[in-house]
Amino acid sequence: DTGVSQNPRHKITKRGQNVTFRCDPISEHNRLYWYRQTLGQGPEFLTYFQNEAQLEKSRLLSDRFSAERPKGSFSTLEIQRTEQGDSAMYLCASSLAQGGGYEKLFFGSGTQLSVL
Amino acid sequence: AQSVAQPEDQVNVAEGNPLTVKCTYSVSGNPYLFWYVQYPNRGLQFLLKYITGDNLVKGSYGFEAEFNKSQTSFHLKKPSALVSDSALYFCAVRDLNYGQNFVFGPGTRLSVLP
């Protein structure tokens, strides 16, 4: 169990640029979640995958955001035409869902995005 | 819709004293409730969960939480606080009527003073 890995740890970009983040979940985990966290707030759900299928997306996820999980392994989150309001910590979590709805999440350390 | 409230931004407690971090929730169905802890520069870590059964749930690092259905609360407790417990604590709820996502509260910063 090497944990959930996120890259890069920090990303500084100019408004209007595109950025992509990567998440490597724990290898046997079938679910992968993306959350966004701003200062003083709890994580806000963005989207989740069951294996390679993206099953749920938050209304927070505008059409500038896209996420993929090819082959049910790592995942990428891309933000196009970044805005200053996109500045936040982007968290990835994975879990092993076996039915029941009470699996625990394993979080990565996050990618801190700053849009100038 | 499901929601979580943590009424205290900050809780201060002296080392060795009992601690309580409060959480209330709102769901339409049966809640699955969780506590996570975030240490500086670390990812959130699972502490404990309530699914069903005994209202007192025991978790990692000596923490426990009490589920109270009538008060829709799930307060986190520890009989004797350690300085190393100082961290940010998040309560979370999952209501499968609204999907598979977990809804987190805003967090409570716990400071244990030596």
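Residues numbered from 1 in each chain as written. Chains lettered and ligands numbered in written order. Predicted model: local features only at pLDDT ≥ 70, side-chain atom pairs only at ≥ 80, totals over all residues. Heavy atoms only, no water.

Novice: Hey, could you go over the overall build of chain A for me, with residue numbers and the actual values?
Specialist: Counting secondary structure elements, chain A contains zero helices and eleven strands. Element order for chain A, N to C, with α for helix and β for strand: β-β-β-β-β-β-β-β-β-β-β. Relative to the compact-globule value of 13 Å for 116 residues, chain A shows a C-alpha radius of gyration of 14 Å, a close match. Along the longest, intermediate and shortest principal axes, the C-alpha atoms of chain A span 40 × 25 × 25 Å. In chain A, which comprises 116 residues, the share counted as buried stands at 47%. Nonlocal contacts in chain A, meaning residues at least 24 apart in sequence, comprise 53% of its contacts between residues at least 6 apart. Approximately 5900 Å² of chain A is accessible, and the part contributed by carbon and sulfur atoms is 45%. Within chain A, one finds 14 positive and 12 negative side-chain charges whose respective centroids are separated by 5 Å. (Helix = DSSP H or I, 4+ residues; strand = E, 2+ residues; numbered from the N terminus. Rg over C-alpha atoms; globule rule 2.2 N^0.38 Å. Buried < 20%, exposed > 50% of the residue type's maximum accessible area, 1.4 Å probe, protein only. Contact = heavy atoms within 4.5 Å. Areas by Shrake-Rupley, 256 points an atom, 1.4 Å probe, with all protein chains shown as cover. Lys, Arg positive; Asp, Glu negative; His and termini not counted. Charge placed at Lys NZ, Arg CZ, Asp CG, Glu CD.)

Novice: Requested: an account of the pattern of salt bridges, with residues and values cited.
Specialist: Side chains that carry opposite charge are capable of pairing whenever their charged atoms lie near each other. Inspection of every chain in the model, using the stated rule, returns eight salt bridges over all chains. Glu64(B) is paired through a salt bridge with Lys58(B); the nearest N and O atoms lie 3.0 Å apart. For Glu64(B), a relative accessible area of 19% gives the class buried. Note that Lys77(B) is salt-bridged to Glu66(B), the shortest N-O span being 3.1 Å. Of the two residues, Lys77(B) is situated in strand 9 (residues 73-78) and Glu66(B) in strand 8 (residues 64-68); the sequence distance between them amounts to eleven residues. Each of Arg31(A), Glu103(A) and Arg94(B) takes part in a single network of salt bridges with overlapping partners. (Salt bridge = Lys/Arg side-chain N within 4 Å of Asp/Glu carboxyl O.)

Novice: Provide a residue-level description of the packing of aromatic side chains, including the pertinent values.
Specialist: Summed over all chains, the structure comprises 16 aromatic pairs over all chains. Ring centres of Tyr35(A) and Phe45(A) lie 5.8 Å apart, and the angle between their planes is 70 degrees; this geometry places the pair in the edge-to-face category. A residue pair is termed long-range when its members are at least 10 positions apart, and Tyr35(A) in strand 4 (residues 31-37) and Phe45(A) in strand 5 (residues 44-50) qualify at ten residues. A single burial state applies to Tyr35(A) and to Phe45(A), both of which are buried. With a centroid separation of 5.6 Å and 45 degrees between ring planes, the pair formed by Phe63(B) and Tyr89(B) is classed as tilted. Pair noted here: Phe63(B) is in the loop between strand 7 (56-58) and strand 8 and Tyr89(B) is in strand 10 (residues 87-94), with a separation of 26 residues, a long-range link. For Tyr89(B), a relative accessible area of 1% corresponds to the buried category. Linked through ring pairs, Tyr33(A), Tyr35(A), Phe45(A), Tyr48(A), Phe107(A), Phe34(B), Tyr36(B), Phe46(B), Phe102(B) and Phe104(B) together constitute an aromatic cluster. (Phe/Tyr/Trp six-rings, centres within 6.5 Å; stacked < 30°, edge-to-face > 60°.)

Novice: I'd like to hear about the state of the cysteines, residue by residue, with values.
Specialist: Residues and elements named next belong to chain A. The tally for this structure, following the rule as stated, stands at two disulfides over all chains. The partner cysteine of Cys23 in its disulfide is Cys92, sulfur to sulfur 1.9 Å. Taking the sign of the S-S torsion, about -65 degrees here, the bridge from Cys23 to Cys92 comes out left-handed. Of this pair, Cys23 sits in strand 3 (residues 19-24) while Cys92 sits in strand 9 (residues 88-95), placing them 69 residues apart in sequence. Each member of the pair, Cys23 as well as Cys92, is classed as buried. (Disulfide = S-S within 2.5 Å.)

Novice: Go over the side chain of Ser94(A) with me, naming the residues and quoting the values.
Specialist: Residues and elements named next belong to chain A. In this structure, Ser94 sits in strand 9. A relative accessible area of 0% places Ser94 in the buried class. Reaching out from Ser94, the side chain makes a polar contact with the backbone nitrogen of Ile26 at a distance of 3.4 Å. Residue contacts for Ser94: discarding those within four places in its chain leaves Val4, Pro25, Ile26, His29, Arg31, Leu32, Lys104, Leu105 and Phe106. (Polar contact = N/O pair within 3.5 Å; in protein donor to acceptor, adjacent residues only side chain to side chain.)

Novice: Explain the environment of Phe46(B) to me, using residue names and the numbers behind them.
Specialist: Among the secondary structure elements, Phe46(B) is positioned in strand 6 (residues 45-50). Taking C-alpha positions, Phe46(B) is 21 Å from Ser26(B), a pair spaced 20 residues apart along the chain. Aside from chain neighbours lying at most four places away, what touches Phe46(B) is Lys104(A), Leu105(A), Phe34(B), Trp35(B), Tyr36(B) and Ser60(B).

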